[in-house]
Amino acid sequence: MKSRIRTYLAFIALTTCLIQSQENPDSRPNIVFFLVDDLGWTDLGCYGSNFYETPNIDSFAMDGVKFNSAYAACHVCSPTRSSILTGKYPARNNMTDWIRGRRDFPFQQYLNVKTGQFLPFEEITLAETLRSHGYATGAVGKWHLGKAPSTPDKHGFDWHVPRHWNGGAPNRTFYAPYGLKGLEDAPDGEYLTDRLTDEALGFIENNKDQPFFLYLAHFAVHDPIHGRPDLVEKYETKLKENPVNGNQPYVLEGNPDAHEPLSRDHLDEIIDQEDWNGYGVLPQSTVKIKQYQDNTQFAGMVEAVDQSFGRILNALKNWGLEDNTIVIFSADNGGMAGMNVGNPKRKVSEDQLDIAFSTSVLPLRGAKGWLYEGGVRVPCIVKWPGAGNKGMVSEEPIISTDFYPSILEMAGLPLAPEQHQDGVSIAPLLTGQQSLDRDAIYWHFPHYSNHGMQPPAGAIRSGDFKLIEYFENYNVQLFNLRKDIGEQQNLAESMPEKVAELRAKLRAWRKDVDAQMNQLNPDYDPLSGI
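Residues numbered from 1 in each chain as written. Predicted model: local features only at pLDDT ≥ 70, side-chain atom pairs only at ≥ 80, totals over all residues. Heavy atoms only, no water.

(A) Looking closely at the overall build of the protein chain. Within the protein chain, the regular secondary structure consists of 13 helices and 15 strands. For the protein chain, whose C-alpha radius of gyration is 22 Å, the value lies close to the compact-globule estimate of 24 Å for 530 residues. Principal axes of the C-alpha set define a box for the protein chain whose edges measure 70 × 55 × 45 Å. Relative to its 530 residues, the protein chain shows a buried fraction of 62%. For the protein chain, the share of sequence-separated contacts (at least 6 apart) that also reach a separation of at least 24 residues comes to 72%. Of the roughly 21,000 Å² that the protein chain leaves accessible, carbon and sulfur atoms contribute 49%. Charged side chains of the protein chain number 49 positive and 68 negative; the gap between the two group centres comes to 2 Å. (Helix = DSSP H or I, 4+ residues; strand = E, 2+ residues; numbered from the N terminus. Rg over C-alpha atoms; globule rule 2.2 N^0.38 Å. Buried < 20%, exposed > 50% of the residue type's maximum accessible area, 1.4 Å probe, protein only. Contact = heavy atoms within 4.5 Å. Areas by Shrake-Rupley, 256 points an atom, 1.4 Å probe, with all protein chains shown as cover. Lys, Arg positive; Asp, Glu negative; His and termini not counted. Charge placed at Lys NZ, Arg CZ, Asp CG, Glu CD.)

Here it is in structure tokens:
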């Protein structure tokens, strides 16, 4: 009975939004999409962090719906950003790696697939669709979807800043002068996260009398790991007063597609041996993953993002826009608990560890650049004023392709199923529905990862089960995420029928989206070392 009542109320809310939108375009809700770069699932207080302080985001979680099983469409940035703006899996338009993508090395058995270098112009982006319905559209911060002419203004945004910057990170620094077009007037020492917030607030103020779509995509908390000095000082004091106590500060992870993958017991046994003392690509293609949240520079970055979010929310309230603005908070991939080994010869000294390893994503396994949960599970909170629930937590899996149809439905606008064909509207979840009519979600990464020695692979989550299939030796791992969120118990051998079922679905999906697969490396040299 309660389920039918919730469904009826959801229908009434959706119908009301649609009628109001059609009768009066100016009543259409504003949309703020607040995207954080490299923010791990547990980097917020409301998701379990005991070190980073995020009071504004934590409070926001009580005003909206917090998703515990939200996923990025990729474990690196450009593909996820493409999925948000197109509603399509990255495999469907070959936006499968960060732009420019990792180069090939002789140790690779296969070549990396050549990923797209710009967002395809034939895609009708979310910004273009909203603009066609009378929305002012603004993009602030990171783009990373192509150099000119594939700039935000060519994909539906009326205004954007910084201009003509396609880097995955800011131009070497978070402190002015930034070397970014449109921000040349910044006083020396100004902090980039604060300045981008100023720009976003200016866009809201200039467009507050009409429906607007603000895409605020912070460069933070991506490296370089530069915290705002006053906040860094705060966390240095906090760490001294409350030092981290625990077990190993790092654990080893190996190549799961090796001919004989190393077990967790073996990895834990060898980490203290002399050959595994350093930080880089270690023997047997192992790497280290950070286990503590104790990085004071990174903590300063996280809290600066929280302050930015609080300023946006306060501005909406002060300008009387709070009750007519949909706000979405999310991240593009997991946290950088593993160092970047885009150059596998990179070595990191002890005094540079906070630069190379920014956070810990425990209890999740892996990190940015991995298909384990630590790479793809992200924080996500959505507030839909007047229709959505408050203070609710949803366990239903959602993915970044879902934002496109969800925003259209919440705004009372017609859906565009031929465009956002891989997304499912999460609007019903916001009004109390417990699940979506979807069998599975998918990932495809035909590349060697920049973070850890992870080979090309794909993955599927269906219900509680997640299967990862690797493309070198076609090893598989199967996990029950409800029982084993840390993905430590590989069930592949004990559940062959479930492996066969999910593997068949994953391969059928790859065929359906015309996913590009790796070709043999003509320069492959297994004895080349790293």
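Still more ground to cover, so stick around.
(B) Expanded view of the sheet that holds strand β14 (residues 465-470). Taken together, four strands build an open sheet; the order of strands is β12-β13-β14-β15 and the sheet is antiparallel. Strand pairing shows two members of the sheet lacking a second neighbour, β12 (441-445) and β15 (476-480), which therefore form its edges. Ignoring strand direction, the axes of neighbouring strands in this sheet form an average angle of 10 degrees. Where helix α13 (residues 496-512) meets the sheet, it contacts β12, β13 (457-462), β14 and β15, and its direction lies at approximately 65 degrees from that of β14. (Pairing = 2+ DSSP bridges. Axes fitted to C-alpha atoms, helices over the stretch in contact; angles between N-to-C directions.)

(C) Representation of the layout of surface pockets in the model. The computed volume of the largest pocket comes to approximately 620 Å³. Looking at the largest pocket, it is lined by 28 residues, and the ones nearest its centre are W98, I99, R100, G168 and N450. Looking at the lining of the largest pocket residue by residue, the class counts come to ten nonpolar, eleven polar and seven charged. (1 Å grid on protein atoms, 1.4 Å probe; cavity = no way out; pocket = protein on both sides within 12 Å on 5 of 7 lines; lining within 4 Å. Points joined across faces, edges and corners; volume = space filled by probe spheres on them. Nonpolar A, V, L, I, M, F, W, Y, C, P; charged D, E, K, R; others polar.)

(D) Here's a closer look at the nonpolar core. Counting residues in hydrophobic clusters, the biggest one holds 149 residues, and the most contacted among them are F67, F213 and F329. Take this core: its biggest share by element is ten residues, from helix α8 (residues 296-318). Setting aside its immediate chain neighbours within four residues, F213 contacts I31, F33, L126, A127, L130, Y135, A136, T137, G138, F157 and F203. (Core = buried A, V, L, I, M, F, W, Y, C linked by side-chain atoms within 4.5 Å.)

Read these as geometric descriptors, not functional statements.
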